[in-house]
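Listed here are the chains, written in short residue letters.
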Amino acid sequence: MSKKNYAELCALLREAGTLTSIKSLLGWDQETYMPDGATPGRSEQNALLAAITHERRTSKRVGDLLGACEQDKALTRKGSPEAANLREIRRDYDLATRLPGDLVAAIARTTSQAQHAWKEAREKDDFAMFLPWLDKVMGLLRRKAECYGTPKGGELYDALIDEYEPGATAREIEAVFTPLRARLTDLVREVKQSGVKVNTKCLKTRIPAARQHAFGLWVLERMGFNLAIGRLDVTTHPFCSEVGPADTRLTTRYRDQHFTDALYSTLHEMGHGLYEQGLPKGDGTAKSLFGQPLAEAISLGIHESQSRMWENFVGRSLAFWKWALPKSRKFLGDALEGCKPADLFAAVNTVTPSLIRVEADEGTYNLHVMIRFEIERALLRGDLKPKDLPGAWNARYKDALGVIVPDDARGCLQDVHWSFGLIGYFPTYTLGNLYAAQFWETINEQIPGLDAQIGKGQFAPLLAWLRENIHRHGKKYRAGELCERVTGQALSPEPLMRHLRSRASRVYGVNEEN
Ligand code: ZN
């Protein structure tokens, strides 16, 4: 009987997973090719699908089957895949059943429209256009957080973070961020004081988007991204969308100058994509694990560790450019004539406070995240009103990064997240950097000569390591547990600081120790 219950439970989850994948496809389409006029209709499609999926996920049948499986000793043996699956199915079920269906539909409908409003507001640099939507989204998310409930001794924001980084709390994140912020600020100051001016001429050459696209695609394939079950398209805000079990879609954006912006966006999203392609979800048919937690990513922090690893630890290394620069000629022509790998290495590792998070260098990136963490915590607490967002944003940028925000398009309107209703999501970016750095040190201990392999364009050993140690486990472990298993230690800021200081020392001559 037990096997039958478990099989039926997994079949129901696969159906819910299939519905979710349809919604992902609609979302991808909305961000890439959908005509603007289709927004109201698309919002209704999203709302209906979200409601149906929610109904399925929270059905009495799922609850009964889950309860029966949990009573079954054959399924709950400690350390077994079934037990890990049931633990996560229980968590998802309990969270989902706390949300009323009308709220789920309202969030889907409102955020679908808010995304459209955000896009237009950002293009026109008009915060007032987005403000009513931000108000609505914040109201709905506050309701959602209240439904989830504040954990004991915690705050409302914790309920939203937990969705992206299970078990993490605002207080814990603050405890990591506060000392890290001071050390990053020191590093930025030392870089400035070094007086070194990095020559970035090689980034300023004009390269048409089509050539950049061909080069990006070629690098993706060489690194192991499977284009037979994936794509790369162009959009306003780069993302990776897991449309279905064998359908991982990446997007990027091109500018004629600074071709590395697109390249690193592409590598970043590819890192997410490689994780998705490495999860054991199979082809989505009845015999696959698709829809089960064992075939899903652990958390956004771990997801981000994969994207940042390929983007920064691999893509911004000298070894990468030793390999990629001579190969790039075939795609980019003479555009990089006269540039050496060391020039590109220095140019893509400059540390300069700037306005846009997704284009920020590694040294200042986390300061952008910390600003958003403070702001969204204040918004949710009600300490900051949405209408006061631009002022609060600009003041924090001046304080933390010393930059003057010239307009809201390059200020509080730059990120898509709040229009999507993603509050509590930003801190996972910095967690991802911390995990990436810690994994990277272990990987270098376990793959001798990794740097030399990258210098020859041999990425298979690295990808195989990630597949073996991280990807194939799905949600078997929680993020902290995986980190300890893989690296032998709890998450620490030291590897990230060592990495950043090592790069800054090579480019600016600052002290490696701090
Ligand atoms: Zn990412």
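Just above, that's the structure.
Reading the values: rules and limits
- Residues numbered from 1 in each chain as written.
- Predicted model: local features only at pLDDT ≥ 70, side-chain atom pairs only at ≥ 80, totals over all residues.
- Heavy atoms only, no water.
- Buried < 20%, exposed > 50% of the residue type's maximum accessible area, 1.4 Å probe, protein only.
- Helix = DSSP H or I, 4+ residues; strand = E, 2+ residues; numbered from the N terminus.
- Pairing = 2+ DSSP bridges.
- Salt bridge = Lys/Arg side-chain N within 4 Å of Asp/Glu carboxyl O.
- Donors = N, O, S within 2.8 Å, 3.2 Å for Na, K, Ca; no water.
- 1 Å grid on protein atoms, 1.4 Å probe; cavity = no way out; pocket = protein on both sides within 12 Å on 5 of 7 lines; lining within 4 Å.
- Points joined across faces, edges and corners; volume = space filled by probe spheres on them.
- Nonpolar A, V, L, I, M, F, W, Y, C, P; charged D, E, K, R; others polar.

1. Re the pairing of strand 3 (residues 247-252)
Phase 1: Counting buried residues along strand 3, 6 of its 6 residues qualify, which places the element largely inside the surrounding structure.
Phase 2: A two-sided burial pattern is seen for strand 3, the buried positions comprising Asp-247, Arg-249 and Thr-251 on one face and Thr-248, Leu-250 and Thr-252 on the other.
Phase 3: The pairing of strand 1 (residues 230-234) with strand 3 spans 5 bridges and is parallel. Residue pairing in the sheet places Leu-232 in a bridge with Leu-250 of strand 3.
Phase 4: One ladder, built from 4 bridges, connects strand 2 (residues 240-244) with strand 3; its direction is antiparallel. Opposite Ser-241, over in strand 3, you have Arg-249 as the bridge partner.

2. Here we look at the pattern of salt bridges
Phase 1: For the structure on display, the rule yields 43 salt bridges.
Phase 2: A salt bridge links Arg-183 to Glu-494; the nearest nitrogen and oxygen atoms lie 3.0 Å apart. Here Glu-494 lies in helix 21 (residues 494-508) and Arg-183 lies in helix 8 (residues 170-194), a separation of 311 residues in the sequence.
Phase 3: Residues Arg-231 and Asp-233 are paired through a salt bridge, measuring 2.8 Å at the closest nitrogen-oxygen approach.
Phase 4: Among the charged side chains, a network of salt bridges with common partners joins Glu-155, Glu-174, Arg-377 and Arg-381.

3. Here we look at the coordination of the zinc ion
Phase 1: Protein coordination at the zinc ion comes from His-268 (NE2), His-272 (NE2) and Glu-304 (OE), with a distance range of 2.1 to 2.2 Å.
Phase 2: One chain supplies every donor for the zinc ion, spaced along it as H-x3-H-x31-E. Note that His-268 and His-272 are positioned in helix 10 (residues 259-278) at a spacing of 4 residues, about one turn of the helix. Of the two residues, His-268 and His-272, neither departs from the other in class, the shared state being buried.

4. Looking at the layout of surface pockets
Phase 1: In this model, the second largest pocket occupies a volume close to 400 Å³.
Phase 2: Around the second largest pocket, the lining comprises 18 residues; the ones closest to its centre are Trp-440, Asp-451, His-499, Arg-503 and Arg-506.
Phase 3: Broken down by secondary-structure element, the contributors of at least two residues to the lining of the second largest pocket are helix 12 (318-332), helix 17 (427-446), helix 18 (450-455) and helix 21.
Phase 4: Considering every element that reaches the lining of the second largest pocket, the biggest residue donor is helix 21, with 6 residues.
Phase 5: A class-by-class count of the residues in the lining of the second largest pocket yields 8 nonpolar, 4 polar and 6 charged.

5. Thoughts on empty space enclosed by the protein
Phase 1: Within this structure, the stated rule accounts for 3 cavities of 30 Å³ or more.
Phase 2: The calculated volume of the largest cavity comes to roughly 90 Å³.
Phase 3: Along its surface, the largest cavity is lined by Leu-187, Arg-316, Val-348, Asn-349, Thr-350, Val-351, Asp-361, Glu-362, Gly-363, Leu-500, Arg-503 and Ala-504.
Phase 4: Where the lining of the largest cavity is concerned, the elements lending two or more residues are helix 14 (362-381) and helix 21.
Phase 5: It is helix 21 that contributes the most residues to the lining of the largest cavity, 3 residues altogether.
Phase 6: Class assignment for the residues of the lining of the largest cavity results in 5 nonpolar, 3 polar and 4 charged.
Phase 7: What the second largest cavity holds in volume is close to 80 Å³.
Phase 8: Lining the second largest cavity we find Gln-30, Glu-31, Met-34, Asp-36, Thr-39, Gln-115, His-116 and Lys-119.
Phase 9: Contributing elements (two or more residues each) for the lining of the second largest cavity: helix 1 (2-32) and helix 5 (101-124).
Phase 10: Element by element, the count of residues in the lining of the second largest cavity is highest for helix 5, at 3 residues.
Phase 11: Among the residues making up the lining of the second largest cavity, the classes are represented as 1 nonpolar, 4 polar and 3 charged.

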